[in-house]
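Next come the chains, spelled out residue by residue.
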Amino acid sequence: MAASSSSSQEKYEVFLSFRGEDTRDGFIGHLYNALRRKRINTYKDDENLESGHKISEIMDAIKESKICIIVFSKDFASSTWCLDEVFRILECKRGGNDIIPIFYGIEPSIVRKQEQSYAVSFDKHEQCFKDKKDKVQRWRDALKEVAALSGYDSKNKSPEYKFIDEIVEDILSKLCRYPSTCDHSKRGLIGIENHIKEIEGLLCMESMDVRTIGLYGMGGIGKTTLALAVFQTLSHHFESRCFLRNVREECEKRGVMKLRKELLSKLFCDDKTVPSLESTHLQERLCRTKVLIVLDDLVDAISQLNELLPKEYKLGAGSRIIVTTRDAQLLKSRTDKVYEVKRLNDIEALKLFRLHAFKNNCVLEGYEALSKSVADYAYGNPLALEVLGSSLHSKSVEEWKSALDELQMELNPKIEEVLRISFNQLGKKDKKGYTPIQDVFLDIACFHYDGVDRKFVENMIQHSGATKKISDLIDKCLIIEDRNRLSMHAFVRQMGKAIVYDENKEPGQRSRLWKAQDVRHVLERNTGSCTIEGILLNLFQLEKDVKVRPTALSNMHDLRILRFFHDAFDYEGKFRERLGWAPYNKMHLLLEENLVELVMRGSQLVELPWNEDQPIENLMKIDLGYCESLIQIQNLCGAINLQWINIEGCPSLVQVPSWFKNLNKLEHLDLGCCKNLKDGLENLPLNIMVLSLYGTAIEALPSSFRDLEKLVYLNLSHCKNLTGGIENLPLNPRRLYLSGCTRLKSIPVLPSGLDFLDASNCTSLETSVSWSDIQQVEGIREDYNFEYRQAVYPGNEIPEWFSHQTDDGNSSHIHLPPNWFPIHDPLFGFLFSVVFRLNGYMSSPYILVEFNFQTNVNSDDRLRPAGRIRRTLFCDGGREIYRCEMERDHVFIAGVKLNLKRLFGEEWSSVCCNVTEVSFRVSIEGTGVINWEIKKFGMGLASTWGTATKSKRRFSECNGQASGYQDKVDSHDPHASSKRIKAQSNN
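Residues numbered from 1 in each chain as written. Predicted model: local features only at pLDDT ≥ 70, side-chain atom pairs only at ≥ 80, totals over all residues. Heavy atoms only, no water.

1. Points about the overall build of the protein
Alright, step 1. Looking only at helices and strands, the protein features 27 helices and 36 strands.
Alright, step 2. Split into buried and exposed, the 987 residues of the protein put 54% on the buried side.
Alright, step 3. Contacts spanning at least 24 positions in sequence make up 68% of the contacts within the protein whose residues lie at least 6 apart.
Alright, step 4. Working note: accessible area of the protein is about 44,200 Å², and carbon and sulfur atoms make up 47% of it. (Helix = DSSP H or I, 4+ residues; strand = E, 2+ residues; numbered from the N terminus. Buried < 20%, exposed > 50% of the residue type's maximum accessible area, 1.4 Å probe, protein only. Contact = heavy atoms within 4.5 Å. Areas by Shrake-Rupley, 256 points an atom, 1.4 Å probe, with all protein chains shown as cover.)

Put into structure tokens, the structure is as follows:
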């Protein structure tokens, strides 16, 4: 017989069938207790309830359970209820689920053959059920079948507790083969399964050492939910377990000592008499107990973990501790592994949002686009998706649209409350109300867009230790770093702006201004104060002209950032004038030494609006782009920390000032589109790294250019008067733009470290570019990566060192020699080159290379997936790739690196051993209407260049193999028949 022992809402893992009068108060009680201690959800009867209304409940429990245990005792067969239960179990479990027979105090053969007490019981059943002999026969058959299964015999098993432990361990091992009883999708835990598997891998459950792992992530990302799911999944592997929620909050309310007492009480089965952690007896108990502990939401992970479980106290072998926090840095000194809980992907996010907005994964008609917009806004944050979905449930389309508009302006209060916790934990506040790291966070939230260069932000921050502060913000999941570029989750940015907005109702009394209406309010009414540290104004957002007083900035003594710009610039720098100083060029900038950044793009300034004796030693960035009236820049030698100057589009400037050579920290200088600038290049500072002279009137590069040893980027595109001096280039530039230098006749030498060359539309070029010059110095720079090598220049010949060329067409088919790939490295590199022409304009054009491998197993069997590679055609110095035109023949060269493991899977090496041929096809794609023509195509290996590319060599020669390289035309190859292509793209 059986009955419910716990919540009927949960699915059972084990169904326990027994005859109560024989075993309930002895063996069954001990077995059930052992299962309970392992957190195995077991269906057991605690009372003698054999009423008919229990049958449906029992049937459900049998079906739900993964394992059914039948305990056969001496008088088991005397109970028709027990016999019916055996029959029901057998009927439900024939599908493959486990049935474990336990023979307690009786021989298995007696049960199987129905002898002795079982024979007596069945004789009585035969008499009682004369009219239902088929029922008795079903009992007999069921009993015989179950008794023949592998199970446990209590004979010679003593002591009994060891017998029970053996059974429980077997059940645990069998349960591990089943999927989790938790239906995560029904509980709204979308996408959690993979996270659980990854954390199980970090926990190394098979190891008997004590391991601690930390889960970290931004607020609302699902750390607690994930930790709880792992806890529920794995808890039955441990002798004791405890999940302490909200440690941060509970410590504030009750203190750490009460939390410690709760932890110990749960670990030792709610024993209220558990002594303090300092007790020697308790330490010995802990040392012998395999425990699972989850400490959720630690604000100071190390100190709180040490207070709750000091490092010197040992836990039992195989114990595991899981800690969740928002700060990755706090985990590193006390945890074995750290796991970042990342956002849901777009599909998972949309599914979770629909579950809360529509209470299922279906979307109502008319809500499709709106659902995606809200899900995109939440950017994979589960808390945001749940809150927003629930708030929009049963709302009309118009209400959804209104809510979306509101979200762009103001963060949902519930989401903001969770996120502000992270901000409030950023140290103790100073007199101004913010800690230094909070100031850094607010600067990034208010003034720096996603994708900003980390080094630039560090340079703009006045606080000491800027690098560490940004690293700390990354560890606390408040900002994101990807390849030295910083970004911020939209919610976190909104939270930061809301904090500043709440400083004061009067904009002039806030620390940072970025809303156009607030800046306008302050400038027109002259309400600025020393509270203001930064102003950002996008002139395009102003609805009407703003009349600004000359003294509008005079009271802002702590102003660090002043940035006026316009989103609607065209490439000539024209825009709708919205800001009017009276007169603009006489504006008083009574700035203190705090100024770090000055951006006034498109103003009517004639000269910089300050005196040369003003303190500007903290100034790091100046942007006066498209100030058409700017005729000179006063001596800025006092700006000893100036690193970034942009004065592009200033046609009145004619030379680089002589004092520029004294700007020893200047790294970025943009003089592009200063169309009358032609002199003063000898005044460039030696520290310069990025230099744009795009569209200037320079005629030659002076010999002093050779001294710019740190220069890595040089843009000389559209310097129509440039005729020489290219030989004066330093050796180190990695990117060189010469596009549209129509008077340039030769490029005698290319810099040895060059990665990228754009010499397109150099119509007077007579001396061909020799890319082999670069080939011969391969290996000089340790960080060199041919994958990013690219060149385009006028010409009609593929360089001769390409090992395979087609003189007429856009495709090739190559027979590969044995060992064509690096056997210990899945990265396979090659170069390709094309001769092409673009007849007309093309928007965002790119070269497309398609490739397809073929094995020797089946000549018609082409490996999947076939691949394609894109390489963008940068035209016009990278500025106007949407208007690319090359009516003369041009040569394009690019390096490619294929990841064979990604293409062919884990067994890539074995697969590649069977690859004998590869075909390539190249084309040009983009948007707009254009005629393009590819005339020649060539390719070659990159793994041995520097030696193999100085002459035209075969693949087999490059790899030291016997000659086996062949050109081949394959009738099955869709690429092989392509010759010269003239195509028109109209996308």
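2. Regarding the sheet that holds strand E4 (residues 98-103)
Alright, step 1. The parallel open sheet is built from five strands, whose spatial order is E2-E1-E3-E4-E5. Edge positions in the open sheet fall to strand E2 (42-43) and strand E5 (152-153), since each of these has one partner strand only.
Alright, step 2. The pairing of strand E3 (residues 67-72) with E4 spans six bridges and is parallel. Paired with isoleucine 70 across the bridge in E4 is proline 101.
Alright, step 3. Across the sheet, helix H3 (residues 80-93) touches strand E1 (14-17), E3 and E4, and the angle it forms with E3 is around 150°. (Pairing = 2+ DSSP bridges. Axes fitted to C-alpha atoms, helices over the stretch in contact; angles between N-to-C directions.)

3. Points about the side chain of lysine 476
Alright, step 1. Its location among the elements puts lysine 476 in the loop between helix H21 (466-475) and strand E12 (480-482).
Alright, step 2. Within the structure, the side chain of lysine 476 is placed 2.4 Å from the side chain of aspartate 327, a separation counted as a polar contact.
Alright, step 3. Setting aside chain neighbours within four positions, we find lysine 476 in contact with Arg326, Asp327 and Leu426. (Polar contact = N/O pair within 3.5 Å; in protein donor to acceptor, adjacent residues only side chain to side chain.)

4. A few points about helix H9 (residues 223-234)
Alright, step 1. Taking 1.5 Å of rise per residue, twelve residues should cover 16 Å, and H9 covers 17 Å from first to last C-alpha, within 8% of that figure.
Alright, step 2. Counted residue by residue, H9 has nine buried out of twelve residues, so it is predominantly covered.
Alright, step 3. Those residues of H9 not exposed but buried are Lys223, Leu226, Ala227, Leu228, Ala229, Val230, Phe231, Thr233 and Leu234.
Alright, step 4. The inward-facing, buried residues of H9 contact helix H8 (192-203), strand E6 (211-216), strand E7 (240-244), strand E8 (291-295), strand E9 (320-325) and strand E10 (337-340). (Expected span 1.5 Å × (residues − 1).)

5. Things to note about the sheet that holds E12
Alright, step 1. Strand order in the open sheet made by the three strands is E11-E13-E12, with antiparallel pairing throughout. On the outer flanks of this sheet lie strand E11 (452-453) and E12, each paired with one strand and no other.
Alright, step 2. In the sheet, E12 pairs with strand E13 (residues 485-487) via three bridges, with the strands oriented antiparallel. The residue of E13 that forms the bridge with aspartate 482 is arginine 485.

6. Comments concerning the packing of helix H15 (residues 368-378) against helix H17 (residues 397-409)
Alright, step 1. For the pair H15 and H17, interaxial distance at closest approach is 11 Å and the crossing angle is 25°. In terms of axis orientation, H15 runs roughly parallel to H17. Relative to H17, the crossing made by H15 is left-handed. Residues Leu370, Ser371, Ser373, Val374 and Tyr377 of H15 pack against Val397, Trp400, Lys401, Leu404, Leu407 and Gln408 of H17. (Parallel < 35°, antiparallel > 145°, perpendicular 65-115°, else oblique. Left-handed = near helix turned anticlockwise from the far one by under 90°.)

7. Examining unusual backbone geometry
Alright, step 1. Even without being glycine, asparagine 246 reaches a positive phi, approximately 50°.
Alright, step 2. If you trace the backbone, asparagine 246 turns up in the loop between E7 and helix H10 (247-254).
Alright, step 3. The class for asparagine 246 is partly exposed, based on a relative accessible area of 32%.
Alright, step 4. Here tyrosine 626, not a glycine, exhibits a phi torsion of approximately 60°, which is positive.
Alright, step 5. In this structure, tyrosine 626 sits in the loop between strand E20 (621-623) and strand E21 (644-646).

8. Details of the packing of aromatic side chains
Alright, step 1. Scanning the model with the defined rule gives 30 aromatic pairs in all.
Alright, step 2. Consider the rings of phenylalanine 15 and tyrosine 43, whose centres lie 5.4 Å apart with planes at 10°: the pair is stacked. Taken together, the residues span a long stretch of sequence, with phenylalanine 15 in strand E1 and tyrosine 43 in strand E2 at a distance of 28 residues. In this structure, phenylalanine 15 and tyrosine 43 share a single accessibility class: buried.
Alright, step 3. Aromatic pair phenylalanine 828 and phenylalanine 830: ring centres 6.2 Å apart, planes at 40°, arrangement tilted.
Alright, step 4. Relative accessible area serves as the criterion here: at 0%, phenylalanine 830 is assigned to the buried category.
Alright, step 5. Here a set of aromatic residues connected by ring pairs shows up, and it is made of Trp820, Phe821, Phe828, Phe830, Phe851, Phe853, Phe904, Trp908, Phe920 and Phe937.
Alright, step 6. If you follow arginine 343 out to its NZ or CZ, it ends over the ring of tyrosine 379, 3.9 Å from the centre. (Phe/Tyr/Trp six-rings, centres within 6.5 Å; stacked < 30°, edge-to-face > 60°. Lys NZ or Arg CZ within 6 Å of the ring centre and 35° of its normal.)

9. A closer look at the pattern of salt bridges
One side chain can pair with another of opposite charge once the charged atoms of both are near each other.
Alright, step 1. For the coordinates displayed, the defined rule picks out 40 salt bridges.
Alright, step 2. Taking the shortest distance from any N to any O, the salt bridge between aspartate 297 and arginine 248 comes out at 3.0 Å. Of this pair, aspartate 297 sits in the loop between E8 and helix H13 (301-308) while arginine 248 sits in helix H10, and the two are 49 residues apart along the sequence.
Alright, step 3. Of the residues examined, aspartate 297 reaches a relative accessible area of 12% and is grouped as buried.
Alright, step 4. Arginine 493 is the partner of aspartate 450 in a salt bridge, and the nearest nitrogen-oxygen pair spans 2.7 Å. (Salt bridge = Lys/Arg side-chain N within 4 Å of Asp/Glu carboxyl O.)

10. Quick word on the confidence of the model for the protein
Alright, step 1. Mean pLDDT over the protein works out to 79, with 81% of the residues at or above the 70 mark.
Alright, step 2. Counting interchain partners and residues more than four positions distant, the pLDDT-below-50 stretch residues 47-53 has nine contacts.
Alright, step 3. Here residues 771-784 is a poorly scored stretch, pLDDT under 50, and it has 36 contacts once near neighbours within four places are set aside; other chains count. (pLDDT = per-residue confidence, 0-100.)

11. Observations concerning the packing of H3 against helix H6 (residues 133-147)
Alright, step 1. Relative to each other, H3 and H6 sit at 65°, their axes nearing to 9 Å. As for how H3 packs across H6, the hand of that crossing is left-handed. Seen from H3, the contacting residues are Thr80, Leu83, Asp84, Val86, Phe87 and Leu90; seen from H6, they are Lys135, Arg138, Trp139, Ala142, Leu143, Glu145 and Val146.
Alright, step 2. Residues belonging to the contact of H3 with H6 are distributed by class as follows: eight nonpolar, one polar and four charged. (Nonpolar A, V, L, I, M, F, W, Y, C, P; charged D, E, K, R; others polar.)

12. Section: the pairing of E9
Alright, step 1. The buried count for E9 comes to six of six residues, which makes it a mostly enclosed element.
Alright, step 2. With burial as the criterion, each face of E9 is covered, one bearing Arg320, Ile322 and Thr324 and the other bearing Ile321, Val323 and Thr325.
Alright, step 3. Examined bridge by bridge, E8 and E9 share four bridges and lie parallel to one another. The partner of isoleucine 293 across the bridge, within E9, is isoleucine 321.

13. Remarks on the state of the cysteines
Alright, step 1. Inspection of the entire model under this criterion finds zero disulfides.
Alright, step 2. Cysteine 674 carries a free sulfur, and the closest cysteine sulfur to it, the one in cysteine 650, is 5.1 Å from it.
Alright, step 3. Of the residues examined, cysteine 674 reaches a relative accessible area of 0% and is grouped as buried. (Disulfide = S-S within 2.5 Å.)

14. Some remarks on the environment of leucine 31
Alright, step 1. Tracing the backbone through its elements, the reader meets leucine 31 in helix H1 (residues 20-37).
Alright, step 2. In this structure, the C-alpha to C-alpha distance between leucine 31 and aspartate 165, residues 134 residues apart in sequence, is 8.5 Å.
Alright, step 3. Sequence-distant contacts of leucine 31, defined by excluding residues within four places in its chain, comprise Leu16, Ile102, Ile164, Ile167 and Val168.

15. Focus: the environment of serine 65
Alright, step 1. Structurally, the position occupied by serine 65 is in the loop between helix H2 (55-64) and E3.
Alright, step 2. For serine 65, a relative accessible area of 0% puts it in the buried group.
Alright, step 3. Along the chain, serine 65 and aspartate 98 lie 33 residues apart, while their C-alpha atoms are 9.3 Å from each other.

16. Re the environment of proline 382
Alright, step 1. With respect to the element layout, proline 382 can be found in helix H16 (residues 382-392).
Alright, step 2. For the pair proline 382 and isoleucine 190, spaced 192 residues apart in sequence, the C-alpha separation works out to 8.9 Å.

17. Some points on the nonpolar core
Alright, step 1. Among the nonpolar cores identified, the biggest contains 110 residues, and Leu215, Leu226, Ile293, Leu388, Phe441, Phe491 and Met495 are the most heavily contacted of them.
Alright, step 2. Take this core: its biggest share by element is eight residues, from helix H19 (residues 436-447).
Alright, step 3. In this structure leucine 388 touches Phe353, Val374, Tyr377, Ala378, Leu407, Asn412, Ile415 and Phe491, once residues within four positions along its chain are discounted.
Alright, step 4. By size, the runner-up hydrophobic cluster in this structure holds 82 residues, among which are Leu608, Val656, Leu666 and Val891. (Core = buried A, V, L, I, M, F, W, Y, C linked by side-chain atoms within 4.5 Å.)

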